[in-house]
Amino acid sequence: MKIAVCIKRVPDMDVRFRIGADGTSLDDSGLKYDINDFDAWAVEAALQLKEKAGQGEVVILSLGPDAAAETIRKALSMGADRGIHLKTDRIPFDGFAIASALVSELKDGGYDLIFFGKMSPDSSNGVVGPIVAELLGLPCVTAISKLDIADGKGTAKRELEGAQEIVEFPLPAVLTVDEGLNTARYPSLKGIMAAKKKPLDVKPATLGENKVTVQKLELPPERAAGRIIGEGSAAVPDLIKALQTEAKVL
Amino acid sequence: MANIFAFAEARNGELRKVALETITAARTLADSTGGEVHALLVGAPGIGAKAEQLAQHGADIVILCEHPGFTQYNPEATAALAAERIKGGGYRAAVFTTSAQGRDLAPRVAAKLGVGLVTDVTGLELTGDTLIVKHPMNIGKLIATIAIAHTPAVIAIRPNTFTPAQTPTAGRVETAEPVGDPSASRVVVKELVQGGGGKLDLADAPVIVAGGRGLKAAENFKLVEELADAFGNAAVGATRAVTDDGWRPHSDQIGQTGRLVSPDLYIAVGISGAVQHLAGMRTSRTIVAINKDKDAPIFNVADYGIVGDVFEVVPALTAAVREARKGH
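Residues numbered from 1 in each chain as written. Chains lettered and ligands numbered in written order. Predicted model: local features only at pLDDT ≥ 70, side-chain atom pairs only at ≥ 80, totals over all residues. Heavy atoms only, no water.

### Some remarks on the packing of aromatic side chains
Here is the rule we go by: Each aromatic pair joins two rings of Phe, Tyr and Trp (for Trp, the six-membered one) with centres within 6.5 Å, and gets the label stacked for planes under 30 degrees apart, edge-to-face for over 60, and tilted for any other angle. Only DSSP runs of H or I with at least four residues qualify as helices, and only runs of E with at least two residues qualify as strands; both kinds are numbered from the N terminus onward. Residue burial is assigned from relative accessible area. The probe radius is 1.4 Å, only protein chains are included, and a residue is buried under 20% of its type maximum, exposed over 50%, and partly exposed in between. Note on criteria: charge over ring means Lys NZ or Arg CZ within 6 Å of the ring centre, with the direction from the centre no more than 35 degrees off the ring normal.
Tallying each qualifying case throughout the model produces four aromatic pairs over all chains. Taking 5.6 Å as the distance between ring centres and 55° as the angle between the ring planes, the aromatic pair formed by B:Phe5 and B:Tyr91 counts as tilted. With B:Phe5 in strand E1 (residues 4-7) and B:Tyr91 in the loop between helix H3 (75-89) and strand E6 (93-97), this residue pair connects regions lying 86 residues apart in the sequence. Considered together, B:Phe5 and B:Tyr91 belong to a single accessibility category, that of buried residues. Site record: aromatic cluster; members linked through ring pairs are B:Phe5, B:Phe7, B:Tyr91 and B:Phe96. Just above the ring of A:Tyr111 sits the side chain of A:Lys2; from NZ or CZ to the centre is 4.8 Å. A cation over an aromatic ring shows up here: A:Lys211 above the ring of A:Phe96, its NZ or CZ 4.8 Å from the ring centre.

### Brief notes about the nonpolar core
Selection rule: To form a nonpolar core, buried Ala, Val, Leu, Ile, Met, Phe, Trp, Tyr and Cys residues must be joined to one another through side-chain atoms within 4.5 Å. Contact criterion: two residues are considered in contact whenever any of their non-hydrogen atoms come within 4.5 Å of each other.
Of all hydrophobic cores here, the largest spans 55 residues; its most connected members are A:Leu102 and B:Phe96. In terms of residues, this core owes the most to one element, helix H3 (residues 95-106) of chain A, which gives seven residues. Once residues within four sequence positions are removed from consideration, B:Phe96 is found in contact with B:Phe5, B:Phe7, B:Thr22, B:Ile86, B:Leu105, B:Ala106, B:Val109, B:Val154, B:Ile155, B:Ala156 and B:Ile157. Counting residues in hydrophobic clusters, the runner-up holds 48 residues, among them A:Phe17, B:Leu15, B:Ala25 and B:Ile47.

### What to know about the side chain of B:Asp60
All names here are of chain B. As a reminder of what qualifies: Residues adjacent in sequence count toward polar contacts only when both atoms are side-chain atoms; beyond that, a polar contact is any pair of N or O atoms within 3.5 Å, and within protein one must be able to donate a hydrogen and the other to accept it.
Considering the arrangement of structural elements, one finds Asp 60 in the loop between helix H2 (51-56) and strand E5 (61-66). What makes Asp 60 buried here is its relative accessible area of 16%. A polar contact of 2.7 Å, which involves the side chain of Asp 60, links it to the side chain of Arg 27. Non-local contacts of Asp 60, meaning those with residues more than four positions away in its chain, are made with Arg 27, Glu 36, Val 37, Thr 169, Gly 171 and Arg 172.

What follows is the structure, encoded as structure tokens:
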């Protein structure tokens, strides 16, 4: 079983973001970055499949600036075998451009499965996985929360709004991972030491043409400050009144 | 005079509310170009009965494809059909929904057409030859203005952002054949399992009551369910801490890695307001927070707050809501 996992380095969201001087990008000074949560679950899924099969290879791909190598090393320290860093100074917003770069690397890789997280919190577009599948002509199942692979076929559970789908598909295939599939392991000290010696190829990313362009970034309007109605159940009548007369939702 | 394509999302033979929102969004674009809205509706034989609803919301033509292979969502056959219709129709834009189905379908279609796409669109406007959209980034802490110069521009709108409007047209139905054999698709949905943790889904409910760690134990979640029941039109949500602890299914989680919701009323019960949770609900129209810690960050986004013990306040609120809704 040869598995690729495409991962992204994303900023910690627990900060006040600042917009860069160009008005279209993030000022990333002072931001902390780590692997996207959904991608960490994708790495975990690949590692579990390899462990279950008792053989195989898990290859980590990441597109991004120099620092993307740190994120690849983290996945290697979890247990992946080798990494490929597609280097570009700035990750474009355009999912098509990103997918094109990944496809040029993935197309002759002979992978049985290609994993993605279902989306990343920074660009919030969630389209790269299915575009890659389409460009490679592979079956694709998105937002999976359960997975079984046997005899060259897969069964997955997909998360919908208030429902789930049980989906069957043949291998090779592209899968995007939702929360609930697993809990990502922490790298062990041994894993971190071993990762330093694992191969990591660095290549320039061959990005496709941008079909969509970010023209402007801005901060959303602040929510008007609310008010504390009161303390304890004594405040309930005033809340009911506010919901009826001001908010008109009751 | 450019026409606009819209995909009308259905599940289990029923239109989803987002389908009407999608038609409404497409209608606003078509009105700005003087063009028509052409809505694609696919499903098992019988789905055509829903075409009238699409016309009521502004579809000039409903492109209807009924086939047993579309009984469940059929990603490959649906993408092939949508891409062919869009390619042949010369549309200025193709509008989908940012749902599990739309996030699966729209990128497949865009890739087949070789055009750009933006999902989770909260505003749209045609400026000359360019479609300009608004798209929240970094869990809603930034709003991007994005230009899609390609034609057709493929977008997926955010649910609960475009209010379905009644704009009746004399909509006519054109039947369409599938592209190839839908039964030959490689990705096959074998079964649809209904139901998350609550009785009403988070996407459809005008009111959401959500619970966090402040409830202290799984069994206390009944306070949240009882408050939701009192409203009669409320769904139940949860924070990641609660779903990670197994008190509620993952599908109920609202936040950065869970569901994005924007109901008319959001009641946060025992939720401190971690940034990851706020990411999922801060666009709700009215937010109420009940928490014993007066410094909890949830109070910074709440319109109305009550500082107090949820075990005392929530039952009192439930009783008061029941009383207020008498006669509904």
